[in-house]
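Chain by chain, the residues:
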Amino acid sequence: AKASQLTVEDLLDVIANGASANPMFALKGPLMAQANFAPAFPLKHAQKDMRLAVQLGDDVGLSMPVAAAVNERLKEAKRQGHGDLDFSAVHKNFE
């Protein structure tokens, strides 16, 4: 939101009313706007699951570039010390 000069509220409104609207975003968006990353599902576990998905793709010869990119972002968030926070704390990589 900051880089586009939108308020957080405007950004949440656009996403909530667009094609990417979904229940998870409706739940996490307002919490993220408040910097509330109390863990419902820790980021470190999300990264482990994503690592396993990428590994399975490799094992069966299936390229999974989006999953691999998400895994890298989650790994970076862990390196930044966010592993015990909610998985939505991955957005801190983009601040």
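Residues numbered from 1 in each chain as written. Predicted model: local features only at pLDDT ≥ 70, side-chain atom pairs only at ≥ 80, totals over all residues. Heavy atoms only, no water.

J.: Help me out: how do you make sense of the pattern of salt bridges in this one?
T.: Side chains that differ in charge, positive against negative, can pair when their charged atoms come close. Here the structure, examined in full by the defined rule, presents five salt bridges. Put simply, Asp-84 and Lys-44 hold a salt bridge, and the shortest N to O gap is 2.6 Å. One end of the pair, Asp-84, is in the segment after helix 4 (65-79); the other, Lys-44, is in helix 3 (residues 43-59), with 40 residues separating them in the sequence. Given the relative accessible area of 53%, Asp-84 is considered exposed. (Salt bridge = Lys/Arg side-chain N within 4 Å of Asp/Glu carboxyl O. Helix = DSSP H or I, 4+ residues; strand = E, 2+ residues; numbered from the N terminus. Buried < 20%, exposed > 50% of the residue type's maximum accessible area, 1.4 Å probe, protein only.)

J.: Would you mind going over the layout of surface pockets with me for this structure?
T.: Any space left empty among the atoms is revealed by the rolling of a water-sized probe across them. The computed volume of the second largest pocket comes to approximately 160 Å³. Surrounding the second largest pocket, Phe-41, Ala-46, Met-50, Val-70, Arg-73, Leu-74, Phe-87, Val-90 and Phe-94 form its lining. Secondary structure elements with two or more residues in the lining of the second largest pocket: helix 3 and helix 4. When residues in the lining of the second largest pocket are grouped by element, the largest group, three residues, is from helix 4. Per-class residue counts for the lining of the second largest pocket are eight nonpolar, no polar and one charged. (1 Å grid on protein atoms, 1.4 Å probe; cavity = no way out; pocket = protein on both sides within 12 Å on 5 of 7 lines; lining within 4 Å. Points joined across faces, edges and corners; volume = space filled by probe spheres on them. Nonpolar A, V, L, I, M, F, W, Y, C, P; charged D, E, K, R; others polar.)

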